[in-house]
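# Secondary and tertiary structure notes
Each chain, written out:
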Amino acid sequence: MSYMMTHICLLLSSAPWNHIENLDLFFSRVYNLHQKNGFTCMLIGEIFELLQFIFIVSFTTFLVSCVDYDILFANKMVNHSQSENNKVTLPDAFLPPGVCRDRIRENLFLMVLLVIAGVFWIHRLIKFLYNVCCYWEIYNFYIQALRIPMVGT
């Protein structure tokens, strides 16, 4: 094991890798890239995390502001004059887009939460871009210095 660490330290002291100051962080990233099954898998996973956050915030906002729960739970009747079917369906409980938009804008607490969520998402996006740069460096370290092919990445 010490031979391998000595060999890796010699590789790090060579030209493109001599700028690395924090070896613990560097080797933690090497380990993370390995554990997350390579650069592509890590990249796709982080992209899906960003998209998942957008979906959760959007869907929660929709459920809070765009659904008339009185209709959904039969506390208010729906006018079904065109058909003989008196069943309440999900589209009956959805508010029109204009009403939904107005309800979101009127709810100050929800607007504050959406701004906080937006700032958090931008922070995660910046962190994602930074991580992509760092993991790209690790990917190049695998390929160039260690000569380990990243099959499928």
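Calculation rules
- Residues numbered from 1 in each chain as written.
- Predicted model: local features only at pLDDT ≥ 70, side-chain atom pairs only at ≥ 80, totals over all residues.
- Heavy atoms only, no water.
- UniProt positions renumbered as here; feature names shortened; annotations may be inferred.
- Phe/Tyr/Trp six-rings, centres within 6.5 Å; stacked < 30°, edge-to-face > 60°.
- Helix = DSSP H or I, 4+ residues; strand = E, 2+ residues; numbered from the N terminus.
- Buried < 20%, exposed > 50% of the residue type's maximum accessible area, 1.4 Å probe, protein only.
- Disulfide = S-S within 2.5 Å.
- Expected span 1.5 Å × (residues − 1).
- Contact = heavy atoms within 4.5 Å.
- Core = buried A, V, L, I, M, F, W, Y, C linked by side-chain atoms within 4.5 Å.

Under an unreviewed UniProt entry, the name given to the protein is Autophagy-related protein 9, and the organism recorded is Engystomops pustulosus. Entered under Sequence similarities (unreviewed entry) in the UniProt record, the comment concerning the protein runs "Belongs to the ATG9 family."

### Some thoughts on the packing of aromatic side chains
Each aromatic ring pair is specified by the distance between its two centres and by the angle formed by the two planes. Using the criterion set out here, one finds 8 aromatic pairs in the structure. With 5.2 Å between their ring centres and 65° between their planes, phenylalanine 39 and tryptophan 136 make a pair best called edge-to-face. Of this pair, phenylalanine 39 sits in helix α3 (residues 39-65) while tryptophan 136 sits in helix α7 (residues 108-145), and the two are 97 residues apart along the sequence. We classify phenylalanine 39 as buried; its relative accessible area is 10%. With relative accessibility at 41%, the residue tryptophan 136 sits in the partly exposed group. Taking 5.2 Å as the distance between ring centres and 70° as the angle between the ring planes, the aromatic pair formed by phenylalanine 62 and phenylalanine 94 counts as edge-to-face. Residue phenylalanine 62 is found in helix α3, and its partner phenylalanine 94 is found in the loop between α5 (90-93) and α6 (97-106); the two are separated by 32 residues along the sequence.

### Brief notes about the state of the cysteines
One pass over the full model with this rule turns up 1 disulfide. There is a disulfide in this structure between cysteine 66 and cysteine 100, and the S-S distance comes to 1.5 Å. Here cysteine 66 is found in the loop between α3 and α4 (69-72), whereas its partner cysteine 100 is found in helix α6, with 34 residues between them in sequence. The pair formed by cysteine 66 and cysteine 100 is uniform in burial state, with each residue classed as buried. Cysteine 133 takes part in no disulfide bond, and the closest cysteine sulfur, belonging to cysteine 134, lies 6.8 Å away. The exposed category is assigned to cysteine 133, whose relative accessible area is 56%.

### A word on the UniProt feature "transmembrane region" (unreviewed entry) in the protein
Summarizing the sequence annotation, UniProt attributes the feature "transmembrane region" (unreviewed entry) to residues 47-67 and 108-126 in the numbering used throughout. Annotated as residues 47-67, this span is 90% helix and 0% strand, and its ends, taken at the C-alpha atoms, are 29 Å apart. For residues 108-126, the helix share is 100%, the strand share is 0%, and the end-to-end C-alpha distance is 27 Å.

### Regarding α3
Here α3 spans 39 Å end to end across 27 residues, near enough to the 39 Å set by a 1.5 Å rise per residue. Inspection of α3 places Phe39, Met42, Glu46, Leu50, Thr61 and Ser65 among the buried residues, and these make up the whole buried set. Taken together, the buried residues of α3 touch α2 (23-35), α6 and α7.

### Here we look at the environment of valine 64
Following the sequence through the fold, valine 64 ends up in helix α3. Accessibility expressed as a relative area gives 44% for valine 64, which makes it partly exposed. Linking valine 64 and leucine 110, residues 46 residues apart in sequence, is a C-alpha distance of 9.0 Å.

### Looking at the nonpolar core
Counting residues in each nonpolar core, the largest one holds 12 residues, listed as Ile20, Phe26, Val30, Leu33, Phe39, Met42, Tyr135, Ile138, Tyr139, Phe141, Tyr142 and Ala145. Breaking this core down by element, the ones donating at least two residues are α2, α3 and α7. A per-element tally of this core places α7 first, with 6 residues.

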